[in-house]
Amino acid sequence: MITLPANKAFREANTNRRRIMKLLVIGATGRTGWEVVQHALARGHHVTAFVRSPEKITLRNERLIILKGDAMDEDQLVEAMRDHDAVLSTLGPRQAFKPSSLLHDSALAATRAMNRSGVKRLVILSAAAHFPGIPNRIVSFILRNHMRDSRAMEEIVQANGLDWTIARPPRLTEEDYPTYRSREGAAPKMGFSLSRKAVAVFMLDAIEQKKHFRKIVGIAK
Ligand SMILES: NC(=O)c1ccc[n+]([C@@H]2O[C@H](COP(=O)([O-])OP(=O)(O)OC[C@H]3O[C@@H](n4cnc5c(N)ncnc54)[C@H](OP(=O)(O)O)[C@@H]3O)[C@@H](O)[C@H]2O)c1
């Protein structure tokens, strides 16, 4: 056994102790959002799931609050995020090919609500197809309605003085691994997919470890 000097042992014990937070998850009934909820609870955090369809959540946990609301309603969001430490958004349109302003409108409402309620930390899901490169341009063309909305969302998020992190993953999968590679300002090399579980882990790591403030981060397997 290695014996550490007393002050170093104390420092390491404190570093390893996780600060328990109150997190608001927007999009919690989605495939990635639900991973975020489960991982946040497993890490001991308190979670408020802000959803339009609460009946989809059957899990009961003393640290989970399920709130029915409209992700485009700033006043409802102000109420929902009172006393919270951070907001995580994993919203996405159920029909990605159709024109939609869901991401723009909900980002506008959420960021305004955060500024009103004093919650500074936002981690929000976008898409790797915004990075340059021919394959991304092809995806962006095929999903042009969704990508236009997602780009507008990113612009809103970057323009409001919050401590934001925009996570850009490639194709999301239902695989069962929690590890990811990340790179600020670019996609990790040869990263073509990522499990939704790993996206959730990245989003929570960014908040707990106070990393990637005001950065767009490429994440991949
Ligand atoms: N799919 C991919 O391969 C991929 C790749 C890169 C990035 N992304 C990004 O990842 C994000 C999330 O993906 P996902 O697969 O986890 O999404 P998902 O499973 O389709 O979940 C979407 C979530 O958004 C909610 N939502 C949709 N329309 C809404 C509305 N009008 N008002 C309120 N809530 C609404 C849904 O609520 P309900 O349950 O009530 O419908 C659900 O909670 C997307 O924005 C996408 O851009 C996806």
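Analysis parameters
- Residues numbered from 1 in each chain as written.
- Predicted model: local features only at pLDDT ≥ 70, side-chain atom pairs only at ≥ 80, totals over all residues.
- Heavy atoms only, no water.
- Helix = DSSP H or I, 4+ residues; strand = E, 2+ residues; numbered from the N terminus.
- Rg over C-alpha atoms; globule rule 2.2 N^0.38 Å.
- Buried < 20%, exposed > 50% of the residue type's maximum accessible area, 1.4 Å probe, protein only.
- Contact = heavy atoms within 4.5 Å.
- Areas by Shrake-Rupley, 256 points an atom, 1.4 Å probe, with all protein chains shown as cover.
- Lys, Arg positive; Asp, Glu negative; His and termini not counted.
- Charge placed at Lys NZ, Arg CZ, Asp CG, Glu CD.
- Patch = residues over 30% accessible without salt bridge, like charges linked within 9 Å, V, L, I, M, F, W, Y side chains within 5 Å.
- Salt bridge = Lys/Arg side-chain N within 4 Å of Asp/Glu carboxyl O.
- Near = heavy atom within 4 Å.
- Polar contact = N/O pair within 3.5 Å; in protein donor to acceptor, adjacent residues only side chain to side chain.

Draft legend 1. Representation of the overall build of the protein chain. Along its length, the protein chain carries seven helices and 10 strands. Taking 221 residues into account, the globule formula puts the C-alpha radius of gyration at 17 Å, and the protein chain, at 18 Å, falls close to it. If you line up the protein chain on its principal axes, its C-alpha atoms span 60 × 40 × 35 Å. Out of the 221 residues in the protein chain, the part that is buried amounts to 48%. The long-range share in the protein chain, meaning contacts at least 24 apart out of those at least 6 apart in sequence, stands at 68%. Entry remark: accessible area of the protein chain is about 11800 Å², with carbon and sulfur atoms responsible for 53%. Of the side-chain charges in the protein chain, 36 are positive and 22 negative, and the distance between the mean point of each set is 6 Å.

Draft legend 2. Region of the structure containing a positive patch on the surface. Together, Arg31, Arg52, Lys56 and Arg94 give the surface a local cluster of positive charge. Mapped onto the elements, Arg52 comes out in the loop between strand 2 (46–51) and strand 3 (64–68).

Draft legend 3. Layout of the site of the ligand. Taken together, 22 residues sit near the ligand, with Thr29, Thr32, Ser53, Leu91 and His146 positioned nearest. Contacts to the ligand include Thr32, whose side-chain N or O atom sits 2.6 Å from an oxygen atom. For the ligand, an oxygen atom lies 2.5 Å from a polar atom in the side chain of Ser53. Expressed as a share of its isolated accessible area of 910 Å², the protein-covered part of the ligand is 86%. Secondary structure elements with two or more residues in the shell around the ligand: helix 2 (31–42) and strand 7 (171–173).

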